[in-house]
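Structure assessment
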Amino acid sequence: MSPELPPVVVTLAEIARIAGVGRAAVSNWRRRYDNFPSPVGGTDTSPQFSLPQVEEWLRRENKLKAALNPLDRLWPEYESLGNREATGLLVAQVGLWQSGVKTGRPTAGPPLDQRQRHLLERTLELAKQDEEHKIFDLLMERWLRAHVRQVTTTPVQLAELMAQAAAIKHPGPVRTVLDPACGVGTLLVAAGRRWGADHAAGLRFLGQDIDTVLVELAKARLAVGGFTERDLSNVSLAAGDTLRADAHPGVQADVILSNPPSNERDWGHAELATDPRWVYGQPPRTEPELAWVQHAAAALAPGGVAVLVLPPAVAARRAGRRIRAGLLRSGVLRTVIALPPGAAPPYGVGLHLWILCADGAPGRGGADGAELTFVDTTHAAPPASADKGGIDWPAVTAQITEVLSGTGAQGSISVPVVDLLDDQVDLTPARRVPRTRAATIVDLRRLWTRFDAHMRELRDAANALSALVPVNDDETVSLISVGELERAGALEIRPGQGLPESLVRRGERQEDGARVLTGAPLSGQAQLWLPATAVTTGEQDGSLTVTASQDVIVSVLARAFDVWVDTDAPSVLGPQLVALRANPAVLDPWFLSGCLCAPANVHRAGTHASTTSRIDIRRLHVPRLSLEEQRRYGEIHRKITVFARELTDMRSVGGELSRALGDLLAAGQLPRA
């Protein structure tokens, strides 16, 4: 007898996607229908259900609002394969077969079992009419979303920028591209778009990654993109540790694009002590990034260009100063670019791009390396988008390409190498690039106008709030929980959901786009948004939670708990947020928001088991008051919100004013007595 196969299970989010509704609707079904399928696994907070039982129940209760998407039916079966590796390898196989690659299967991993073969056949049957390979792209997107904590990818915008920078520095033909830490192949795909469209040029892709599954997915992505031969003869991607066991020794690459791992201590410092790649000195144990830099320099062909993503600390750490000095003296290191925070994971850090050029012998620079160019893009975004947060990729790209091509110099400076060879050899752009200009009289008057406007709003709110006097009343007000309000129909609870990463945009939002929220609005994160078409489709099929005006948004993580009224709807909510939609005939949203964020209320509703614990919003309470009293209290809370917002805005504008005046003072441009 064949072994019993594990059951195919689905989460509440998957049930919502299959049924074409929001996750909140599925949660309501589970509470209201006694015959709803019981969980077969998972946890109390994330239960799992048998897919066949769920499908039977949905049909029996007539809950399928839209035709069942075959991919929604198939994806739970991919997840039920049991582990990340098996699922990822099968997704890679879909891409290879769909692209017509002769091998038809990844070279890694065990042969497919009967269940996996059957699932592959059904997926390929579904993909027969899919000329744009959307099936593979969707499977890939869902796999990456499911393993976002284990797999770090380079954003597409950054990958395209790196390829464009390399093309400017290497104007001649490119026949070999290498990524020694290729991951899922985002940078190789960007190189394919840049140089691989013409198959006559014979572009060869080389890469390596320590994770076998990522290597196979990278092959599939290159095949799906149309950049490979049918027998993959122009692709050499290997699994393994690049620093310890280079799969491409002696390679001469025209272009190297890489986002290598950082902050790793066990990278082979002792065993690689005599490695011939360390031309500029053995990297200290605490400087693995400089090992990757020297690996790239050693792999460059004469005239080759390497563009690497590195943490900013690599430019200044004392332990690496000798190697940095060697890179400068040889002329290999040509450009250091500071990117704005949010360009790539980790999003809170402003990463650097290092551009290496080998003009002489392999791995060596040339006479043109007498200067090092610094570019600081952290101030590239215009003031309008800077206020909103996020990255203006067109502005950043334009600034970098203009500097590299010699048509512009905004936010850049070229410094003679001899001036950099001091005790620190600090290559941080912010310490070298002067501010583009001091504030003008127009800038100052605009800032003072904004400051005065915030001051007026703050004074009005303060006058209203300072007149309030606490009431000494011993009468106890009865309370009602959010869960009871939901059951009474006074409000709806709409949990946020996972976001389609392939569709989420960063930077300045288009006029018809909807902002995406993944945490408290004042957290300082880069602005995210979704195009209107994606929002419309997501709300219709229930895969997105989209707010309406006056919805109350709750951030349910205990360490980042926050509550606010959405006055800028529509907003798309991520999985750590919940929208409460109040029935205005019985419940005032501002009153609800003010009561929910009370510290004592939050303390009662939280589990406090760990820093990642969540607030159970159904256990939060509000006083039982008439609608008229609710509105009175709600207006007070609205004024408190205005007071807090204006304080924050005043601090921001005040900081801009202080910096502008300080710059003018340092430049000697303030009036003299």
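Since we're looking at a predicted model, the values are computed, not measured.

1. Digging into the sheet that holds strand 7 (residues 253–258)
- Reading across from one edge, 6-5-4-7-8-10-9-11-12 is the order of the nine strands in this open sheet, with mixed pairing throughout. Each edge of the open sheet is held by one strand with a lone partner, namely strand 6 (235–239) and strand 12 (412–416). In this sheet, adjacent strand axes meet at a mean angle of 15 degrees when their direction is disregarded.
- Judged from the six bridges that link them, strand 8 (residues 300–310) and strand 10 (residues 352–357) form a sheet pairing that is antiparallel. The residue of strand 10 that forms the bridge with Val309 is Leu353.
- Where helix 11 (residues 288–298) meets the sheet, its contacts fall on strand 7, strand 8 and strand 10, and the angle it forms with strand 8 comes to roughly 160 degrees.
- Contacts from helix 14 (residues 393–405) reach strand 9 (333–338), strand 10, strand 11 (371–376) and strand 12 within the one sheet, and its direction differs from that of strand 11 by about 165 degrees.

2. Quick word on the pattern of salt bridges
- Taken as a whole and assessed by the stated rule, the structure comprises 22 salt bridges.
- Note that Arg193 and Glu160 form a salt bridge whose closest N and O atoms lie 2.8 Å from each other. Of this pair, Arg193 sits in helix 9 (residues 186–195) while Glu160 is found in helix 8 (residues 156–169), placing the two residues 33 residues apart along the sequence.
- Under the relative-accessibility criterion, Arg193 is labelled partly exposed at 48%.
- Given a relative accessible area of 25%, Glu160 falls into the partly exposed group.

3. Let's talk about the layout of surface pockets
- Here the second largest pocket defines a volume of roughly 830 Å³.
- Every residue lining the second largest pocket is counted, 44 residues in all, and those nearest its centre are Ala181, Asn259, Pro260, Pro261 and Ser262.
- In the lining of the second largest pocket, the residues fall into 22 nonpolar, 13 polar and nine charged.

4. A closer look at the packing of aromatic side chains
- One pass over the structure, following the stated rule, counts seven aromatic pairs.
- Taking the centre distance of 4.9 Å and the plane angle of 70 degrees together, the rings of Phe36 and Trp57 count as edge-to-face. Here the residue Phe36 occupies a position in the loop between helix 2 (23–32) and strand 2 (41–42), and Trp57 occupies one in helix 3 (residues 51–60), the gap between them amounting to 21 residues. Both residues of the pair, Phe36 and Trp57, belong to the buried class.
- Where Trp448 meets Phe451, the ring centres are 5.7 Å apart and the plane angle is 85 degrees; that geometry is what we call edge-to-face. Taken together, the residues span about one helical turn, with Trp448 and Phe451 both in helix 16 (residues 441–466) at a distance of three residues.
- Note on Trp448: relative accessible area 41%, which makes it partly exposed.
- The class for Phe451 is buried, based on a relative accessible area of 17%.

5. Describing the environment of Arg487
- With respect to the secondary-structure elements, Arg487 resides in helix 17 (residues 482–487).
- Through-space distance from the C-alpha of Arg487 to that of Arg32 is 9.9 Å; in sequence the pair is 455 residues apart.

6. Remarks on the confidence of the model for the protein
- Mean pLDDT over the protein: 85, with 88% of residues reaching 70 or higher.
- Predicted confidence is poor over residues 361–367, with pLDDT under 50, and the contacts of this stretch with residues over four places away or in other chains come to 26 contacts.
- In the predicted structure, residues 520–525 sits below a pLDDT of 50 and forms eight contacts with residues beyond four places in sequence or in another chain.

7. Brief notes about the packing of helix 19 (residues 589–596) against helix 21 (residues 627–666)
- Running from N to C, helix 19 and helix 21 cross one another at 65 degrees; their axes reach a closest spacing of 7 Å. The pairing of helix 19 with helix 21 is recorded here as roughly perpendicular in orientation. Two packed elements cross with a definite hand, and for helix 19 against helix 21 that hand is left-handed. Of helix 21, the residues touching helix 19 (which contributes Trp590, Phe591, Ser593 and Gly594) are Gln630, Tyr633, Gly634, His637, Arg638 and Thr641.
- Residues that form the contact of helix 19 with helix 21 fall into these classes: three nonpolar, six polar and one charged.

Criteria and thresholds
- Residues numbered from 1 in each chain as written.
- Predicted model: local features only at pLDDT ≥ 70, side-chain atom pairs only at ≥ 80, totals over all residues.
- Heavy atoms only, no water.
- Pairing = 2+ DSSP bridges.
- Helix = DSSP H or I, 4+ residues; strand = E, 2+ residues; numbered from the N terminus.
- Axes fitted to C-alpha atoms, helices over the stretch in contact; angles between N-to-C directions.
- Contact = heavy atoms within 4.5 Å.
- Salt bridge = Lys/Arg side-chain N within 4 Å of Asp/Glu carboxyl O.
- Buried < 20%, exposed > 50% of the residue type's maximum accessible area, 1.4 Å probe, protein only.
- 1 Å grid on protein atoms, 1.4 Å probe; cavity = no way out; pocket = protein on both sides within 12 Å on 5 of 7 lines; lining within 4 Å.
- Points joined across faces, edges and corners; volume = space filled by probe spheres on them.
- Nonpolar A, V, L, I, M, F, W, Y, C, P; charged D, E, K, R; others polar.
- Phe/Tyr/Trp six-rings, centres within 6.5 Å; stacked < 30°, edge-to-face > 60°.
- pLDDT = per-residue confidence, 0-100.
- Parallel < 35°, antiparallel > 145°, perpendicular 65-115°, else oblique.
- Left-handed = near helix turned anticlockwise from the far one by under 90°.

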